[in-house]
Amino acid sequence: MSQFDHPAFHRIPPWVKAKLSPTAIEKIKKVYDFVETECIPAEPIMDAEIAVEGKRWTTQPLMHELRGKAKSAGLFNLFLPNHFPESPGLTNLEYACCCELMGRVYWAQQTMNCHAPETGNIELLAKYCTPEQKEKWLKPLLEGTASSAYSMTEPDRASSDATQIACRITREGNEYVINGRKLYGNCMWNSENKFFILMGCSDPTNPNKWARHSTVIVPTNTPGITQVRNLTIMGYDHAPEGHGEYLYENVRVPVENIILGEGRAFEIAQGRLGPGRIHHCMRLIGQCERAYELALIRCIDARKTPRGRLIGEFDSNIERIAQMRLDIDQARLVVLNAADTMDVHGNKAGRYAIAQSKILIPNMATRIIDECMQLYGGQGLTQHTPLPKMWTYARFVRIADGPDSAHRHQVGRDELKTAKKYAERHKEYQRRYKALAEKRGEKYETFWGTAPEI
Ligand SMILES: Cc1cc2nc3c(=O)[nH]c(=O)nc-3n(C[C@H](O)[C@H](O)[C@H](O)COP(=O)(O)OP(=O)(O)OC[C@H]3O[C@@H](n4cnc5c(N)ncnc54)[C@H](O)[C@@H]3O)c2cc1C
């Protein structure tokens, strides 16, 4: 019997299996078993525990219980790439396989301390903080005894272009004073949220626009921070973590809370996001697999027989099912390729592959989950199934961590930079054709009028 006979490896392509270390094989199996036996059956209980009066913004007791189990099973912080001393040793590719399995339940990532924004924040703190800062801020996140928020986006600013971030950070003696408004970042009504990693403008007149911003750590209990409201995402409040809208009024933090130094925010923001985008994409593939399974079950449900036939007996639905299968499998290859590119060539070289995943996968996932709701019928749009929540997740990933349009823009601009090279190549084809035509005594013409004259 092969070690890959375990159902965890059912969808993992052979070229990926060939790259998995023994540790990764073990972790992938364990993640699969944990999600199937501990998380999926617990979904209704997790919902019920925050529906209790007065408990909306309190992390569920069951979440704490499952986090304890995941930690003792060695399933904590699997995301941290293996070049960090704190890493459990998985490559991006290996972790991507775990991520798909975690994605089968929206909150399973949190049981394993592998959830956004913690993953990005932990990576940021591990990469850029001093040993003292790591001890104070990183350690509790790695141990899972605190949570944090990332605070960059602002209302009425194009935050996808972070040079426009306006929240002011001003130095006064040994303190930074912060004034501004922020959108998003986990809700501080949940008392486990202990600090914000905030990006603000510290040097607005610096001629170098990439050096105007800084990143500081702001404890949530600092006077002057008001959470104006919790933002709902298409009607969901995402309790008990939520998304806050914040007002900062003369919020003071000690200068030692700055990360890396004044004017270094862009360096930090660049380093933060690459792998996180891949994690969202792999989890979305896990959500799609789950939605697809629900649709398949509906297709053979003997209680549903429009015009006397099972839903899965209509040719149009057989085709739909096939197309969904093809789309999900295709999407997985795109993301695994991005993860492998990061491992082999580094995050910077993986920029295109990351953008490709970020553009393709949430779009694919919204289409697939939409089709699954359609096959399910009216019930598929209600709380009887997790499908509407799944669709909302896929939809918001088109914007969270940067809108896909901005990635398309970047890909398109990079592609256009290659046009000159192709024009040169076409001139060379034409030169060769001209030489060939002369040698053979044939008439020479330009290629369909498209190539520039030589
Ligand atoms: C569920 C969720 C969670 C989030 N969590 C956080 C968080 O924890 N912390 C945080 O700081 N932020 C968070 N965000 C905010 C998110 O990062 C921003 O919304 C995102 O970066 C875009 O910024 P913006 O909303 O200001 O859009 P803008 O920058 O104003 O862009 C608006 C639209 O303009 C278009 N556009 C922008 N750039 C281009 C381009 N280059 N080419 C073509 N069109 C373009 C796109 O259609 C884009 O959607 C979250 C968002 C969501 C939905």
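Numbers given to residues run from 1 along each chain, matching the order in which its sequence is written. Note on the predicted model: pLDDT of at least 70 is required for a residue's local features to be given, and 80 or more for side-chain atom pairs to be given and counted; whole-chain, interface and lining totals, by contrast, use all residues. Heavy atoms from the whole structure form the basis of all side-chain values; hydrogens and water molecules are not counted.

Draft legend 1. Summary view of the layout of surface pockets. Estimates place the volume of the second largest pocket at around 290 Å³. Think of a 1 Å grid over just the protein atoms. A cavity is a set of points where a 1.4 Å probe fits yet cannot get out, a pocket is an open set with protein on both sides within 12 Å along at least five of seven lines, and lining residues have an atom within 4 Å of a point. Lining the second largest pocket are 20 residues, and of these Pro-7, Arg-11, Glu-100, Leu-101 and Arg-104 lie nearest its centre. Helix numbers and strand numbers start at the N terminus; a helix is a DSSP run of H or I with at least 4 residues, a strand a run of E with at least 2. Among the elements of the structure, helix 2 (22–39), helix 5 (92–102), helix 9 (265–299) and helix 10 (315–345) are those that each provide at least two residues to the lining of the second largest pocket. Just so you know the grouping, Ala, Val, Leu, Ile, Met, Phe, Trp, Tyr, Cys and Pro go in nonpolar, Asp, Glu, Lys and Arg go in charged, and all remaining residues, Gly too, go in polar. Class assignment of the residues belonging to the lining of the second largest pocket gives a composition of eleven nonpolar, two polar and seven charged. Taken together, domain 1 (3–115) and domain 3 (267–416) each give at least three residues to the lining of the second largest pocket, which thus spans both. Grid points are joined across faces, edges and corners, and a volume is the space filled by probe spheres set on the points. Just so you know, the domain bounds were taken from an automatic or database domain assignment.

Draft legend 2. Representation of the pairing of strand 1 (residues 147–151) in the model. A 1.4 Å probe rolled over the protein chains alone gives each residue an accessible area, and that area as a share of the maximum for its type sets the label: buried under 20%, exposed over 50%, partly exposed in between. In terms of burial, strand 1 is a largely internal element, five of the five residues being buried. Summarising the sheet, strand 1 and strand 4 (residues 193–201) pair through five bridges and their orientation is parallel. When the sheet's bridge partners are listed, Ser-147 is paired in strand 4 with Asn-193. Two strands form a pair only when DSSP identifies at least two bridges running between them.

Draft legend 3. Examining the site of the ligand more closely. Taken together, 21 residues are adjacent to the ligand, and Tyr-150, Met-152, Thr-153, Ser-160 and His-409 come closest. One of the backbone N or O atoms of Met-152 is found 2.8 Å from an oxygen atom in the ligand. N or O atoms within 3.5 Å of each other form a polar contact, as long as, within protein, one can give a hydrogen and the other can take it, and as long as residues adjacent in sequence are counted only when both atoms are side-chain atoms. For the ligand, an oxygen atom lies 2.9 Å from a polar atom in the backbone of Ser-159. Contact with the protein chains removes 70% of the 980 Å² of surface that the ligand exposes when unbound. Of all the secondary-structure elements, those providing two or more residues to the shell around the ligand are strand 1 and helix 13 (404–416). The leading source of residues in the shell around the ligand is helix 13, at three residues. Consider each residue's heavy atoms; a residue with any of them within 4 Å of a molecule or strand counts as near. Reported accessibility uses the Shrake-Rupley method at a 1.4 Å probe radius. Residues are deemed covered only where the shown protein chains occlude them.

Draft legend 4. Layout of the UniProt feature "domain: Acyl-CoA oxidase/dehydrogenase middle" (unreviewed entry) in the chain. UniProt positions are given in the numbering used here, feature names are shortened, and annotations may be inferred rather than shown by experiment. The feature "domain: Acyl-CoA oxidase/dehydrogenase middle" (unreviewed entry), as given by UniProt, occupies residues 149–245 in the numbering adopted here. Along residues 149–245 one finds 0% helix and 42% strand; the C-alpha atoms at either end are 12 Å apart.

Draft legend 5. Up close: the environment of Lys-182. Position of Lys-182 relative to the elements: it lies in strand 3 (residues 175–183). Of the residues examined, Lys-182 reaches a relative accessible area of 0% and is grouped as buried. In this structure the C-alpha to C-alpha distance between Lys-182 and Met-152, which are 30 residues apart in sequence, comes to 6.9 Å. A polar side-chain atom of Lys-182 sits 2.7 Å from the main-chain carbonyl oxygen of Met-199.

Draft legend 6. Highlighting the side chain of Arg-104. Within the secondary structure layout, Arg-104 lies in the loop between helix 5 and helix 6 (108–111). Overall, the relative accessible area of 11% leaves Arg-104 in the buried class. Here Glu-36 takes part through its side chain, which lies 2.9 Å from a polar atom of the side chain of Arg-104. Note on contacts: a residue pair qualifies if any of its non-hydrogen atoms lie within 4.5 Å across the two residues. Among residues more than four places away in sequence, those in contact with Arg-104 are Val-35, Glu-36, Ile-40, Gly-286, Gln-287, Glu-289, Arg-290 and Glu-293.

Draft legend 7. Representation of the pattern of salt bridges in the model. The rule for a salt bridge is simple: a side-chain nitrogen of Lys or Arg has to be within 4 Å of a carboxyl oxygen of Asp or Glu. The final tally for this structure, using the stated rule, is 29 salt bridges. Where Arg-298 meets Asp-301, a salt bridge forms, and the shortest distance between an N and an O atom there is 3.2 Å. Per residue, the accessibility class of Arg-298 equals that of Asp-301, and both read buried. A salt bridge links Glu-371 to Arg-320; the shortest N-O distance between them is 3.0 Å. Of this pair, Glu-371 sits in helix 11 (residues 351–376) while Arg-320 sits in helix 10, and the two are 51 residues apart along the sequence. A relative accessible area of 27% means that Glu-371 is categorised as partly exposed. Its relative accessible area of 31% is what places Arg-320 among the partly exposed residues. Through salt bridges that share partners, Arg-11, Glu-100, Glu-289, Arg-325, Asp-329 and Arg-332 make up one connected network.

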